Amino acid sequence: ETGVTQTPRHLVMGMTNKKSLKCEQHLGHNAMYWYKQSAKKPLELMFVYSLEERVENNSVPSRFSPECPNSSHLFLHLHTLQPEDSALYLCASSQVWGAWEKLFFGSGTQLSVL
Amino acid sequence: DAKTTQPTSMDCAEGRAANLPCNHSTISGNEYVYWYRQIHSQGPQYIIHGLKNNETNEMASLIITEDRKSSTLILPHATLRDTAVYYCIVRVAGAAGNKLTFGGGTRVLVKP
């Protein structure tokens, strides 16, 4: 248990569906991150939030929409996804943005787009 | 950030020490060496990091060569639960705005 909880653990959705991934951290951290991990590929950073403000958007398509209502919660809203978006989506948090030495990850949501 | 080179995979015996090498010949003076691991279907887990001196914690030891061009992560008594992909990353600590980039890593299989 890392203190970062992601739900759901598994999600299957059609290309026309709208769904949301949720992340919650219980560590009192101020920075939260979304990563994507496709099969047999390195982790890719998608978004970074620091103190609820988006500080990095790594050229992610608009069909992925992040939301950070407070420092403990992070959402990734999904709509009209493509099959190639199927991947493991990981949330992470750190005390402050850039404190890479202690980046805590959740267990991820395994997403399948049909 | 400096690039790192790691073996693609390695096997080790349960109960024995596992030594994972990493080359980072272009490392800069202010860049740290970080190690993470990722067990199948889970998020990466921080293991240890260091700048110049050798470091040890409850999970592992990190040995950095004097010229800092390479390092070795040591798992002193490997268990089956240590089977994972291990990532060696080099970057500046506390540098906001710079991404922590995970490469291919070393796939470690601990065998009984």
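Think of each chain on its own: its residues are numbered from 1, step by step along the sequence as written. A letter from A marks each chain and a number from 1 marks each ligand, given out in the order of writing. Reporting in this predicted model follows two pLDDT cut-offs: at least 70 for local features of residues, and 80 or more for side-chain atom pairs to be given and counted; totals over whole chains, interfaces and linings ignore these cut-offs and use all residues. Note that the side-chain values use all heavy atoms of the structure and ignore hydrogens as well as water.

**Things to note about the overall build of chain B**
- Where helices and strands are cited, they refer to DSSP runs of H or I of at least four residues and of E of at least two residues respectively, numbered from the N terminus. Counting its secondary structure elements, chain B contains zero helices and nine strands.
- From first element to last, N terminus to C terminus, chain B shows the α and β order β-β-β-β-β-β-β-β-β.
- Whereas a compact globule of 112 residues would reach a radius of gyration of roughly 13 Å, chain B reaches 13 Å, a difference of no more than 12%.
- Its C-alpha atoms give chain B principal-axis dimensions of roughly 40 × 30 × 25 Å.
- Per-residue burial for chain B yields a buried fraction of 42% across its 112 residues.
- Surface exposure of chain B reaches about 5800 Å², of which carbon and sulfur atoms provide 48%. Radius of gyration here uses only the C-alpha atoms, and the compact-globule reference equals 2.2 Å multiplied by the residue count raised to the power 0.38. Relative accessible area decides the class of each residue, using a 1.4 Å probe on protein chains only: under 20% of the type maximum gives buried, over 50% gives exposed, and in between gives partly exposed. Surface exposure here means Shrake-Rupley accessible area, sampled with a 1.4 Å probe, where a residue is shielded only by the protein chains that are shown.

**Considering unusual backbone geometry**
- With omega at -10 degrees, the peptide bond leading from Thr7 of chain A into Pro8 of chain A counts as cis.
- Examined against the element boundaries, Pro8 of chain A turns out to sit in the loop between β1 (4-7) and β2 (10-13).
- Positive phi is not limited to glycine here, since Arg68 of chain B has a value of about 65 degrees.
- For Arg68 of chain B, the position within the fold is in the loop between β6 (61-64) and β7 (70-75).

**As for the pattern of salt bridges**
Residue and element names in this part refer to chain B.
- Each salt bridge in this description consists of a side-chain nitrogen of Lys or Arg and a carboxyl oxygen of Asp or Glu lying within 4 Å of one another. What the rule picks out here adds up to three salt bridges over all chains.
- In this structure, Asp11 and Lys111 form a salt bridge, with 3.0 Å as the shortest nitrogen-oxygen distance. Separated by 100 residues along the polypeptide, Asp11 in strand β1 (residues 9-13) and Lys111 in strand β9 (residues 106-111) bring together distant segments of the chain.
- The partly exposed category is assigned to Asp11, whose relative accessible area is 47%.
- For Lys111, a relative accessible area of 40% translates into the label partly exposed.
- In this structure, Asp82 and Arg37 form a salt bridge, with 2.7 Å as the shortest nitrogen-oxygen distance. With a gap of 45 residues between them, Asp82 in the loop between β7 and β8 (84-92) and Arg37 in strand β3 (residues 31-38) connect regions that are remote in the sequence.
- For Asp82, a relative accessible area of 12% gives the class buried.

**Remarks on the environment of Tyr32 of chain B**
- Within the fold, Tyr32 of chain B resides in strand β3.
- With 58 residues separating them in the primary sequence, Tyr32 of chain B and Val90 of chain B have C-alpha atoms 5.5 Å apart.

**Some points on the layout of surface pockets**
- Method remark: on a 1 Å grid restricted to protein atoms, a set of points is classed as a cavity if a 1.4 Å probe fits but cannot get out and as a pocket if it is open with protein on both sides within 12 Å along at least five of seven lines; lining residues have an atom within 4 Å of a point. Grid points are joined across faces, edges and corners, and a volume is the space filled by probe spheres set on the points. Of the pockets and cavities examined, the largest pocket occupies roughly 640 Å³.
- Surrounding the largest pocket, 25 residues form its lining, Gln37 and Lys40 of chain A together with Gln38, Val85 and Arg107 of chain B being those nearest its centre.
- For the lining of the largest pocket, the elements supplying multiple residues, two or more each, are β9 (87-94) of chain A together with β8 and β9 of chain B.
- Examining the composition of the lining of the largest pocket, we find that three residues originate from one element, β8 of chain B, more than from any other.

**Re the confidence of the model for chain A**
- Residue-level confidence of the predictor is what pLDDT reports, using numbers from 0 through 100. Here chain A averages 90 in pLDDT, while 97% of its residues score no lower than 70.
- The least confident element of chain A is strand β6 (residues 53-57) of chain A, whose mean pLDDT is 81; the most confident is strand β3 (residues 18-25) of chain A, at 97.

**Section: the packing of aromatic side chains**
Residues and elements named next belong to chain B.
- Two rings belonging to Phe, Tyr or Trp (six-membered ring only in the last case) form a pair when the distance between their centres is within 6.5 Å. Interplanar angles under 30 degrees mark stacking, angles over 60 mark edge-to-face geometry, and anything in between is tilted. By the definition in use, this model includes four aromatic pairs over all chains.
- Both rings, one in Tyr36 and one in Tyr46, keep their centres 5.8 Å apart while their planes meet at 75 degrees; by these two values the pair is edge-to-face. Of this pair, Tyr36 sits in strand β3 while Tyr46 sits in strand β4 (residues 45-50), placing them 10 residues apart in sequence.
- Judged by its relative accessible area of 15%, Tyr46 is buried.

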